[in-house]
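A structural walkthrough
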Amino acid sequence: MKSLFYILLATLSIVFLFIILSSVGERYNNKDIHNNIIHDSRSIFKLIKWKLFNKKSNTQWPKHVDVKQLDPSLITQTNTNLKVSYITHSTFLIQNNNINIITDPVLFSSIGIFEKYLKVDLVHSPGIKPNDLPKIDYVLISHNHYDHLDKKSIIFLRNKFNPVFIMGKGNCKYLKNILHKCVEMQWNERFTITKDNKSIDIFYLRAKHWSKRGLFDTNKTLWGAFAMISDNAKLYFAGDTAYHDHFKEAQEKFEYFDIALLPIGSYEPEWFMKEHHLSPSQSILTHRDLKAKISIPMHYKSIKLSDEGYYKPIFDLKNAIETNNIDEKEFLILDIGEVYEKKD
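Small disclaimer: the values here were computed from a predicted structure and weren't measured. For every chain, the first residue of the written sequence is number 1, and numbering continues from 1 onward in sequence order. Local features in this predicted model are restricted to residues whose pLDDT is 70 or higher, and side-chain atom pairs enter the listing and the counts only when it is 80 or higher, whereas totals over whole chains, interfaces and linings include all residues. Here the side-chain values reflect all heavy atoms present in the structure, with hydrogen atoms and water set aside.

Some words on the environment of P72
Put simply, DSSP marks the helices as runs of H or I at least four residues long and the strands as runs of E at least two long, and each gets a number from the N terminus on. Mapped onto the secondary structure, P72 falls in the loop between α2 (44–53) and β1 (83–88). Throughout, exposure labels follow a simple rule: accessible area from a 1.4 Å probe, protein chains only, divided by the maximum for the residue type, with under 20% read as buried, over 50% as exposed, and the rest as partly exposed. Given the relative accessible area of 26%, P72 is considered partly exposed. Each C-alpha atom, one on P72 and one on K129, is 9.2 Å from the other, the two residues being 57 residues apart in sequence.

What follows is the structure, given as structure tokens:
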């Protein structure tokens, strides 16, 4: 009995030490449209409750899924039309005005957690072989979680293309020994990218999420979404986010979006995940808030991060589309390795 008491005491001491060390130094907060802080109700105790006591839903995931590889001829042609290619998870190749952009790049079949010490496998290979990518000009990274900021992929892109990396405030420090061309942005800042007399305005926008890469760096770097605005298209990349008023704020700033890339996975159990991830039904609300002409779902069926089953996000999304009387054409479900081209 005494040994159990000491084990419990040691565990609580570690938890409180973790909380104290995580709170040292400046931290970022989620904020609403009026700049009020949104307090996070998640905690390490809720995390323990989820992992130890939550009743699991239908969690079946296949060990491996074969996907088609993107045909390089579809993305190497010089074209000013907007093209969006789904590579995996939150990774898209975005081509517009002869500028090639990649988001939250995951280019290999596993991601490194705590760098080289632990790896998590994707259920499928990414939809394009890294060496088949066209010359990447810019890389957008929404936040520092390992499934969005993957060092192996970043090193590959640096070595092969030497692009400019754009990310939220404080995140370049994770790559200080790797990158020389790294731009940090605050919410609502604009960075204009140009090539061959063509340009795209990149805006870093609010999202309701969090950041963490080590044991004691919770919310010490900024997370966010990106808007890409050009003369022929408006595109919104949500990164990772929960549902809140920042989508309406983006719509008020830009009026509408031609394409919105929206996460629909990692949402169960909702009592825990709703603080920082969209559910498929909430993606319908987001689609409407943004006044998006087309929304493309992402952040599902690649890496198992939560309790919902492999097929459930798309099943729930289709049900939500029908329930909310949304035209099916407004949600474009791309397969891994599929390309969408916006026609003028």
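So, the side chain of H246
Along the chain, the position of H246 falls in helix α4 (residues 246–254). Residues within four places of H246 in sequence aside, it is in contact with R206, A207, K208, Y236 and T241. When checking whether two residues touch, look at their non-hydrogen atoms; a contact exists if any pair is within 4.5 Å.

Regarding the pairing of strand β4 (residues 110–113)
The side-chain alternation of β4 yields two buried faces, one formed by S110 and G112 and the other by I111 and I113. Here a strand pair is declared whenever DSSP counts at least two bridges between the two strands. Both β4 and strand β5 (residues 118–121) contribute to a ladder of 4 bridges, which runs antiparallel. Bridge pairing in β5 places I113 opposite L118.

Let's talk about the nonpolar core
The set of buried Ala, Val, Leu, Ile, Met, Phe, Trp, Tyr and Cys residues whose side-chain atoms join them within 4.5 Å is what this entry labels a nonpolar core. In this structure, F92, I101, M228, Y236, L261 and L290 are the most contacted members of the largest nonpolar core, which totals 59 residues. Of all hydrophobic cores here, the second largest spans 23 residues; its members include I87, F165, M167 and L175.

Let's talk about the packing of helix α6 (residues 280–290) against helix α7 (residues 312–323)
Note on geometry: axes are C-alpha line fits, over the in-contact stretch for helices, and angles between N-to-C directions span 0 to 180 degrees. Viewed as axis vectors pointing N to C, α6 and α7 meet at an angle of 50°, and their least axial separation amounts to 8 Å. With respect to α7, the element α6 is oriented oblique. Read as a crossing pair, α6 and α7 show a hand that is right-handed. Facing α6, whose interface residues are P280, S281, S283 and I284, α7 presents P313, D316, L317, A320 and I321. When residues are sorted by character, Ala, Val, Leu, Ile, Met, Phe, Trp, Tyr, Cys and Pro go into the nonpolar class, Asp, Glu, Lys and Arg into the charged class, and all the rest, Gly among them, into the polar class. Taken together, the residues that form the contact of α6 with α7 break down as 6 nonpolar, 2 polar and 1 charged. For classification purposes, an angle smaller than 35 degrees is called roughly parallel, one larger than 145 roughly antiparallel, one from 65 to 115 roughly perpendicular, and anything else oblique. By definition, turning the near helix anticlockwise from the far helix through less than a right angle yields a left-handed crossing, and turning it clockwise yields a right-handed one.

Brief notes about the pattern of salt bridges
Side chains that differ in sign of charge can pair as their charged atoms come close. Definition used for salt bridges: Asp or Glu carboxyl oxygen within 4 Å of a side-chain nitrogen of Lys or Arg. Taken as a whole, this structure holds 10 salt bridges when the rule is applied. Ionic pairing is found between K195 and D137, a salt bridge with its closest N-O pair at 3.3 Å. Pair noted here: K195 is in strand β9 (residues 189–195) and D137 is in the loop between β5 and β6 (138–141), with a separation of 58 residues, a long-range link. Here K195 falls in the partly exposed class, since its relative accessible area comes to 26%. Residue K312 is joined to E268 by a salt bridge in which the shortest nitrogen-to-oxygen separation is 2.8 Å. Taken together, the residues span a long stretch of sequence, with K312 in helix α7 and E268 in the loop between β13 (257–263) and α5 (270–273) at a distance of 44 residues. Take K312: its relative accessible area is 25%, and that puts it in the partly exposed class. Among the ionic contacts, a cluster of salt bridges with common partners joins K135, D137 and K195.

Brief notes about the packing of aromatic side chains
Each aromatic ring pair is summarised here by two numbers: the centre-to-centre distance and the angle between the ring planes. In this analysis, rings of Phe, Tyr and Trp, with Trp reduced to its six-membered ring, are considered paired at centre separations within 6.5 Å, and the interplanar angle assigns stacked below 30 degrees, edge-to-face beyond 60, and tilted for intermediate values. Summed over all chains, the structure comprises 12 aromatic pairs. Consider the rings of W61 and Y310, whose centres lie 5.2 Å apart with planes at 80°: the pair is edge-to-face. Of this pair, W61 sits in the loop between α2 and β1 while Y310 is found in the loop between β14 (292–298) and α7, placing the two residues 249 residues apart along the sequence. By relative accessible area, Y310 is classed as buried at 9%. Relative to F92, the ring of Y86 lies with its centre 4.7 Å away and its plane at 20°, an arrangement referred to as stacked. Residue Y86 shares its accessibility class with F92, and that shared class is buried. Directly above the ring of Y146 sits R213, whose terminal nitrogen or CZ lies 4.0 Å from the centroid. The ring of Y256 has K234 lying over it, and the distance from NZ or CZ to the ring centre is 4.2 Å. Only when the NZ of Lys or the CZ of Arg is both within 6 Å of the ring centre and within 35 degrees of the ring normal is a charge said to sit over the ring.

Regarding the sheet that holds β6
Pairing is mixed in the open sheet, where 7 strands are placed in the order β8-β7-β6-β3-β2-β1-β15. Because the sheet does not close on itself, it has two edges, and the strands there are β8 (182–185) and β15 (339–341). When strand polarity is set aside, the average angle formed by the axes of neighbouring strands in this sheet is 20°. Here 3 bridges tie β1 to β15, and the two strands are oriented antiparallel to one another. Along β15, the bridge assignment pairs K83 with E341.

Regarding unusual backbone geometry
The step from E268 to P269 runs through a cis peptide bond, and the omega angle for that step is 0°. Assignment of secondary structure puts P269 in the loop between β13 and α5. Positive phi is not limited to glycine here, since N188 has a value of about 75°. You can see N188 is positioned in the loop between β8 and β9. With a phi angle near 65°, N197 is a residue other than glycine that sits in the positive phi range. Relative to the elements of secondary structure, N197 occurs in the loop between β9 and β10 (198–205).

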